Amino acid sequence: MNVAIVGGGSRCLYLLNFIEQHTFQVFVPKIVAVADTDPNAVGFVKAKNQGLFVTEDYNDFFDREDIGLIIELAGNLDIYNDIIGKKGKTVRAIAHTTALFFWEIARIARKEQDANLKLNEAKTLYDVMINELIEEDVMVIGTDYRITDVNDTMLNKLGLKREETIGHFCYEITHHRDTPCSGEKHPCPLVQSLKTHKPSKTTHIHLDKNGNELYYSISCYPIKKKGEVTGVIEISSDITKDIKRQKNMMQQEKLMSIGRLSAGIAHEINNPLTTIMTSSMLLQEDTDPDDPIYSELETISKEALRCRTIVKSLLDFARQSRPVKKSLNLNQIVMDTLFLVQKQAGFNDIKITSNLSSNLPMTYVDKDQIQQTLINLALNAIEATDPGGNIIFSTKINPKTDMIHIDIIDTGCGISKENLDKIFDPFFTTRETGTGLGLAITHGIIEQHGGKIKVDSTIGKGTHFTIMMPVRHGEKNGE
Ligand SMILES: Nc1ncnc2c1ncn2[C@@H]1O[C@H](COP(=O)(O)OP(=O)(O)O)[C@@H](O)[C@H]1O
Ligand SMILES: [Mg+2]
C-alpha cells in the first residue's frame, strides 16, 4: 500500500529506515510522499534524496490517486482532523497518537523477544554443561563452597544422585575433606577466583579407589551479578591419560637414546671380541691339552663368549635385529619355553605349569624374539620365587579387543610400588648378578609386535605379567 507521511521529522526518518530494512508480510507499506513545512527536516531530506515525492503542503496529497494511507506524524490534531475532512473515501488516515501507540507496543514486544532469546541462549548453554553428557565434570559452587548444581558426568563418576550433592560442600563431595582445599598441592581454584574475580586454573592429583594417581585439570569461572562474584562454575577434566602418554613418550625417547648408545658401543666391541675368541681358539689348537696354558686359553674363549652374549643382548635391546615374522600359534612358543626353563625351575623346587586356551588363533610373530621374552619373564619369576612356589603360564583370546593374552603369574617376592615404575628401564635391577636388560628387551620386542605388556604385583604375594598380542592374519614376513 502506498503511504504518504505528514511531518518529515525524526519519526518519519525512523519509519523510512524501518520499512527499508524489514520485510513485511501481511501489510506491505511503500512510502511514496512526504510533506513538511521545513524542507530541512531529516525525514524530508532523506525522502527527497531517495527521489520520493516531497512537498511543503500536504494538500498536494489529495490530488494524487495512488495514496492509500496518510500517516500524520507532525503531532498536531488539527492537521489530522483536516486530513480526515479532505481525504477521499477509500483513503485511510492514522493519527500520530495511534502511530505512537503501536510503536510502543512493537518496541516492548521486541525487547521481550530479545530478552527471551538471551534467556534461551543462557539456558541452552547451561543445559549443555549441566545436563548433557559432556566429558568434563562441571559443578556450580556458591561463595560459601556449597554446591548449587552438578552435571551428570560428574554424578556418574561420583556414583551419587544430584540431591545427594546439592547444598553440600564441594571439598566434602570431591575430596572427602572437612575443610576447603589449600596448600601447594591442592590450591583451591574457587578461592583464587573469588580473590581475583578472574578465571583460574590448577591441577589436582586425586587417588582412585585402588590408590592410582589421577590428574585433574581444574578451571574455575566466576559468576558475576552486578559486579559481585556470587559463585563459580568449576570444570574439571581428567588429564591422566595425557600425562601418562607424555611420560611414556619420554620413556620411549630415553630408551631410544640409550639404545642408540648401546648399539654403537656393542658394535665396536663385537669385532675385537671375535678376534680375541678366534685367536685364543687357534692358539688352543696348537697347544697340548695337558699344558696349563691350554686351560687359561679355554678361560679366555669362554669369557669372550660371555661378553659376546652380553653384546648380543645389548644389540637386541637396541632393536638392531628386526623381527622375522611367521604365522604361529603362541601356545607352541609357550610350550617350548616351558620345556627350556623346566629344569631350572625344578632345580629350585618351583612348580611351573600351563593353562593354554584351545581356540587360540594363529598370529604373525618372530618366534625367537617371543621365546626370548617368555624366557626372560620365566627366569625373572623363578629368581623371585622361593622353593615350593608356583609359576603358571596361561593363554587366552580376548574377543572384545581381539588380543591374545599370555599371563605369567608367580607366587614370588613381588615388586614394590616404587620399583614397579622402573622395572622396564634399561639397567634397572635389584639382583646382584642382574643386567637390568631383560624386561627392557622384552618391552621393546612386544612393542615391535604391536603388543602391550602390563604388570600387577603385591609385595610378598607375587607378580602377574600380561602380554597382549594383536591377532594378525595374513601379514607378510618382516612386517
Ligand atoms: N617376577 C618378578 N618378581 C619380582 N621382581 C621382578 C620380577 N620380574 C622382574 N622383577 C624385578 O625387575 C627387575 C628388572 O628385571 P630384568 O629387566 O629382567 O633385569 P634383571 O633380571 O637382570 O634384574 C629385577 O631386578 C627385579 O627387581
Ligand atoms: Mg631378568
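Residues numbered from 1 in each chain as written. Chains lettered and ligands numbered in written order. Predicted model: local features only at pLDDT ≥ 70, side-chain atom pairs only at ≥ 80, totals over all residues. Heavy atoms only, no water.

Bringing the site of ligand 1 into the picture now. Ligand 1 sits among 20 residues. The nearest are Asn380, Thr429, Thr430, Arg431 and Leu439. Between an oxygen atom of ligand 1 and a side-chain N or O atom of Thr429, the distance comes to 2.6 Å. Take Gly436: an N or O atom from its main chain is 2.9 Å from an oxygen atom of ligand 1. Protein chains shield 94% of the accessible area of ligand 1, which is 530 Å² for the free molecule. Most atoms of ligand 1, that is more than half of them, are within 2 Å of grid points of the second largest pocket. (Near = heavy atom within 4 Å. Polar contact = N/O pair within 3.5 Å; in protein donor to acceptor, adjacent residues only side chain to side chain. Areas by Shrake-Rupley, 256 points an atom, 1.4 Å probe, with all protein chains shown as cover. 1 Å grid on protein atoms, 1.4 Å probe; cavity = no way out; pocket = protein on both sides within 12 Å on 5 of 7 lines; lining within 4 Å. Sits in = over half its atoms within 2 Å of the grid points.)

A separate point is the nonpolar core. The biggest cluster of nonpolar side chains holds 43 residues, and the ones touching the most others in it are Leu330, Leu374, Phe393 and Phe465. Taken domain by domain, this core gets at least three of its residues from each of domain 3 (243–317) and domain 4 (326–470). Residue contacts for Leu330: discarding those within four places in its chain leaves Leu360, Thr363, Val365, Ile370, Ile404, Ile406 and Met469. (Core = buried A, V, L, I, M, F, W, Y, C linked by side-chain atoms within 4.5 Å. Buried < 20%, exposed > 50% of the residue type's maximum accessible area, 1.4 Å probe, protein only. Domains from an automatic or database assignment. Contact = heavy atoms within 4.5 Å.)

Orientation of helix H10 (residues 330–347) relative to helix H11 (residues 367–384), taken along the N-to-C sense of each, is 40°, at an axis distance of 9 Å. In terms of axis orientation, H10 runs oblique to H11. The crossing of H10 and H11 is right-handed. Only Lys367, Ile370, Gln371, Leu374, Ile375, Ala378, Leu379 and Ile382 of H11 make contact with H10, whose side of the interface consists of Leu330, Ile333, Val334, Asp336, Thr337, Leu340, Val341, Gln344 and Ala345. Residues that form the contact of H10 with H11 fall into these classes: twelve nonpolar, three polar and two charged. (Axes fitted to C-alpha atoms, helices over the stretch in contact; angles between N-to-C directions. Helix = DSSP H or I, 4+ residues; strand = E, 2+ residues; numbered from the N terminus. Parallel < 35°, antiparallel > 145°, perpendicular 65-115°, else oblique. Left-handed = near helix turned anticlockwise from the far one by under 90°. Nonpolar A, V, L, I, M, F, W, Y, C, P; charged D, E, K, R; others polar.)

Moving on: the domain arrangement of the protein. Looking at the protein, the domain boundaries give domain 1 (2–94), domain 2 (137–238), domain 3 (243–317) and domain 4 (326–470). Domain 3 and domain 4 are separated by 25 Å when their C-alpha centres are compared. Taken together, the contacts link nine residues of domain 3 with ten residues of domain 4. Summing both partners gives a buried area of about 800 Å² for domain 3 against domain 4, and 66% of it is carried by carbon and sulfur. Along the contact surface separating domain 3 from domain 4 lie zero salt bridges. Our enumeration of links across domain 3 and domain 4 arrives at zero residue pairs in polar contact (both at pLDDT 80 or more). Elements that contribute at least two residues to the side of domain 3 that touches domain 4 include exactly helix H8 (240–285) and helix H9 (292–317). (Buried area = accessible area lost by both parts, 1.4 Å probe. Salt bridge = Lys/Arg side-chain N within 4 Å of Asp/Glu carboxyl O.)

Turning our attention to the packing of H11 against helix H13 (residues 438–448). The N-to-C vectors of H11 and H13 enclose an angle of 145°; their axes lie 9 Å apart at closest approach. In this structure, the crossing between H11 and H13 has a hand that is left-handed. Facing H11, whose interface residues are Gln369, Ile370, Gln372, Thr373, Asn376, Leu377 and Asn380, H13 presents Gly438, Leu439, Ile441, Thr442, Ile445, Ile446 and Gln448. Its residues assigned to classes, the contact of H11 with H13 comprises six nonpolar, eight polar and no charged.

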